[in-house]
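Structural overview for review
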Amino acid sequence: MIDTDFDAHERCRWAGRAEAYARSFGRLCAYPAEALLDAAAVRAGRRVIDVGTGPGTVAAAALARGAEVVAVDAEPSMLDAARRAAPGAEVHPAVLPRLPFPPGDFDAAVANFVLNHVGDPAAGLAELRRVVRPGGRIAVTVWPSPHPPLERLWAEAVAAAGVAAPPDLPRLAPERDFPRTEAGLAGLLATAGLADVRCVTLTWAHRTDPEDWWAGPAAGISAIGLMLERQPVAGRERIRREYDRLAAPYRDADGSLALPTAALLASARIR
Ligand SMILES: C[S@@+](CC[C@H](N)C(=O)[O-])C[C@H]1O[C@@H](n2cnc3c(N)ncnc32)[C@H](O)[C@@H]1O
């Protein structure tokens, strides 16, 4: 069942893209994994659900802590990748805001850069809360706004190339959106009835090969991927040239990029 136009768009954008994601954005999203698991108090013997597991990075890290891990995702190619990365986890298809588990089934729920892909983030969060026992914990990450340099790079390359954004880029309905700030994400958790809400900003430099970083959008991932897909060859080439030019100041001596970025990490306890 598809809940909103935004969710329908998400199902299409991720379809068959696990490999390209793992090469590009997946490495970026791996950074907060340990902090996320700490915030959810995931340790040996705890039963944890990793929602929107993607290629299973967080699930594998939770297994390495000795946790009992269930990993779910809406996208079949991601589930295949997660089975390979986290062979000790139970891996199932499931689409937020509905998880096929009874109330209180888990000690913890984590969702690394997933609520920002759900058409109704508050409903997604309420479902995470439902499947965790009283006293258990939830931890989530999303990207902040205003965007740090890494996220701005794509928009700047598109603008410098003189390419207009497609008018039909899907946006979250305004009444379902929340400010992508520490206060905004903490507010979403507090409104969901969670206790001891904390939100912090993690900052780091994402080190990546420029070709690996380009591979995600080139495969159609994220808004910039959709924009590239809509371009004639000449438009794509212009964006690529601007990407190379604007990324140059972030290049290390070995040619790799070190892109400053940040994430919001929020956690809370179930009452
Ligand atoms: C940015 S990726 C993050 C993947 C992974 N958590 C990581 O850290 O690399 C977003 C993931 O959420 C999944 N996803 C998007 N909407 C979803 C939904 N409504 N329910 C479950 N998974 C969803 C996508 O298929 C994708 O694997």
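Residues numbered from 1 in each chain as written. Predicted model: local features only at pLDDT ≥ 70, side-chain atom pairs only at ≥ 80, totals over all residues. Heavy atoms only, no water.

1. Points about the site of the ligand
So the rule is basically this: If a single non-hydrogen atom of a residue is within 4 Å of a molecule or strand, that residue counts as near it. For the purposes of these results, a polar contact is taken to be a pair of N or O atoms within 3.5 Å, where, inside protein, one atom must be able to donate a hydrogen and its partner to accept one; residues adjacent in sequence count only when each atom of the pair is a side-chain atom. A 1.4 Å probe and the Shrake-Rupley method give the accessible areas. Residues count as covered only by the protein chains that appear here.
Close to the ligand lie 20 residues, the nearest being Tyr-21, Gly-52, Asp-73, Leu-96 and Asn-112. Separating a nitrogen atom of the ligand from a backbone N or O atom of Leu-96 is a distance of 2.8 Å. Contact with the protein chains hides 99% of the accessible area of the ligand, taken as 600 Å² for the molecule alone.

2. Thoughts on the confidence of the model for the protein
To keep it simple, the criterion reads: Every residue gets a pLDDT, meaning the predictor's confidence in that residue, from 0 to 100. Secondary structure counts use DSSP, requiring at least four H or I residues in a row for a helix and at least two E residues in a row for a strand, with both numbered from the N terminus.
Taken residue by residue, the protein gives an average pLDDT of 96. The fraction at 70 or more is 99%. Mean pLDDT per element in the protein: helix H11 (residues 222–229) is the minimum at 90, and strand S1 (residues 47–51) is the maximum at 99.

3. With respect to the nonpolar core
How we decide: To define a nonpolar core, start from buried Ala, Val, Leu, Ile, Met, Phe, Trp, Tyr and Cys residues and group those joined through side-chain atoms within 4.5 Å. Throughout this description, buried means an accessible area under 20% of the type-specific maximum (1.4 Å probe, protein chains only), exposed means over 50%, and partly exposed covers the range between. Any two residues whose heavy atoms approach within 4.5 Å at even a single point are treated as in contact.
Core analysis: the largest hydrophobic core is formed by 58 residues, its most contacted members being Val-42, Val-48, Val-110, Trp-213, Ile-239 and Tyr-243. Considering each element in turn, this core owes the most residues, five residues, to helix H8 (residues 149–160). Filtering out sequence-adjacent residues up to four positions away, Val-42 remains in contact with Leu-37, Val-48, Ala-62, Arg-65, Ala-67 and Ala-108. Leu-115, Val-131, Val-140 and Leu-188 belong to the second-largest nonpolar core, a separate cluster that totals 33 residues.

4. Some words on the sheet that holds strand S7 (residues 257–269)
Let me state the cut-off plainly: Strands qualify as paired when DSSP identifies two bridges or more between them. Axis definition: a line fit to C-alpha positions, over the contact stretch in the case of helices; interaxial angles, taken between N-to-C directions, run 0 to 180 degrees.
Read from one edge to the other, the open sheet built from seven strands follows the order S3-S2-S1-S4-S5-S7-S6, with strand pairing classed as mixed. Where the open sheet ends on each side, the last strands, each with one partner, are strand S3 (90–93) and strand S6 (195–208). Averaged over all pairs of adjacent strands, the angle between their axes in this sheet comes to 20°, without regard to strand direction. Where strand S5 (residues 132–142) meets S7, six bridges bridge the pair, whose relative direction is antiparallel. By the bridge assignment for S7, Ala-139 is matched with Ser-267.

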